[in-house]
Amino acid sequence: MRQKSEKIFFMIYMLGFLVMALSIALFQPLADTPPLYPNPPDEHARYLVAKYICEHGVIPTGFEEEIRIPGYGFSYALYNAFPYIIQGYVMRFVSLFTDSEIALLYTARGVNVLFGMLMAAVVYLIGRRLFRDRRFRWLFCFAVTYLPENIFIHTYVNSDSCCMLSTAMMFYALICSYQDGFTMSNRLWLSGGIILCALSYYNAYGYILSSILLFVAYFLDKKDGHWTYRWKDMLKQGCFISAVVLLGISWWFIRSYIVLDGDILGLKTRRILSEQYAVESVNPLTMCTYRDMGYSVWEMMSENHTLKEAFNTFIAVYGSMSIYGSQWTYPFYKVFISVGVLGCFCCLFDKKHGEKPGWKKIFFHINMWFCILMPLFLMIYYAYTTDYQHQGRYLLPALVPLMYYSVRGIKRLADLRMGKWKLPEVLVNIGVGCCIVIILIAAVNMIYFHALPMYLETGLVL
């Protein structure tokens, strides 16, 4: 009976995400629509790459004039374009049956909706691994999947959606590997996550570094006071993962090296094109950053309320930083995350029978916090040295481990005992249920009461 109810709940969980994601994907406008600007950030520029692949059947180099971003002078084809390649070739297939522009746009967006569905499924697998208690397992799943900003990121043309799937895959692979060892399936999960991450979004590369560190550390053991390292096992399994990853990503970086004259990341080429074709306000030669103006990082953050705005936009902001949710949404998530993380730090590791946590467990958690904090550091760095953009979507790679610690902390607080007194189970049930309901209400409210009315107001949706 419990397994049947679990399957039903899983179907509701997946179907709910699909309905919400499609509601946004089908109604948000593509073009800039002043003064409301409810269009997704940079989608019109990103869509040019997928559209080019659809029309020409080849991957652009990034130098083509037709895919340059107006005003900025460079193209998103210079970056890791794997998600756009998938979208472009799926669009090319659909174009065999219709030449409707709106159908092709929906096709491109639909690829990211699929990435979101896959991520939701992986998040559920993570929840099953980490939470035996079904209440907190589902709280974790809904906290990750139904975060309004996470739903949004899977509804328009971007590379972030594929990146979010990759972070969930790597997190799941590392959890399974540290519990069961680096089995064949765990190695394939990890390899797949690294490949998708490497081919999608630079801001999440911290996961790749942590995956390498955690893999290498796994084979270091301490027995009878002596440290030993299982070199043979590490090399055998590491060579397999390396071979799969290199097979999956080498084609792109070799191509970039050839096409972009050795610039495998495309960053140098982007700057050159920007200097040649960008308008003065965003040209690297003439643009004045906070660093150029002599401001300190702290002054920049204080002047623009960077962290507050970054948090709010990490939770829920649609359009081009133009559509916010209800005011109660942000304090709820602030309390939810703060209480959970603080609760997790109050009893940081499980201490069964008075045993201290092993060094591998400590090292694992250090790496997960590195994955949480790295996107924040990168956002602040780019805001200070390049162009000031405190968009919370840049922080989304931190979502899975952050929500894990939040829910884990809440569970530990619920399990605390004071002598013989323990929080009654009925109150725990009510509390967890209320959190899930509020999360769902926040998502529904954001989509159907804030975003969709503005989309319809533009008159540019079908």
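Residues numbered from 1 in each chain as written. Predicted model: local features only at pLDDT ≥ 70, side-chain atom pairs only at ≥ 80, totals over all residues. Heavy atoms only, no water.

Draft legend 1. Fine view of the pattern of salt bridges. The tally for this structure, following the rule as stated, stands at 15 salt bridges. A salt bridge links arginine 230 to aspartate 233; the shortest N-O distance between them is 3.6 Å. What makes arginine 230 partly exposed here is its relative accessible area of 30%. One salt-bridge network, held together by shared partners, links Asp133, Arg135, Lys422 and Glu425. (Salt bridge = Lys/Arg side-chain N within 4 Å of Asp/Glu carboxyl O. Buried < 20%, exposed > 50% of the residue type's maximum accessible area, 1.4 Å probe, protein only.)

Draft legend 2. Expanded view of unusual backbone geometry. A positive phi is found at tyrosine 37, a non-glycine position, where the angle reads about 50 degrees. In this structure, tyrosine 37 sits in the loop between α1 (2-25) and α2 (43-56). Unlike most non-glycine residues, aspartate 42 shows phi in positive territory, near 65 degrees. With relative accessibility at 27%, the residue aspartate 42 sits in the partly exposed group. (Helix = DSSP H or I, 4+ residues; strand = E, 2+ residues; numbered from the N terminus.)

Draft legend 3. Representation of the packing of aromatic side chains in the model. Per the stated rule, a full pass over the model turns up 42 aromatic pairs. Ring geometry for tyrosine 72 and phenylalanine 74: centres 6.3 Å apart, planes at 85 degrees, overall edge-to-face. You can call phenylalanine 74 buried: its relative accessible area is 4%. Here tyrosine 218 and phenylalanine 219 contribute two aromatic rings whose centre-to-centre distance is 5.2 Å and whose plane-to-plane angle is 90 degrees, an arrangement assigned as edge-to-face. Residue tyrosine 218 shares its accessibility class with phenylalanine 219, and that shared class is buried. Sitting above the plane of the phenylalanine 240 ring, arginine 187 keeps its charged end 5.1 Å from the centroid. (Phe/Tyr/Trp six-rings, centres within 6.5 Å; stacked < 30°, edge-to-face > 60°. Lys NZ or Arg CZ within 6 Å of the ring centre and 35° of its normal.)

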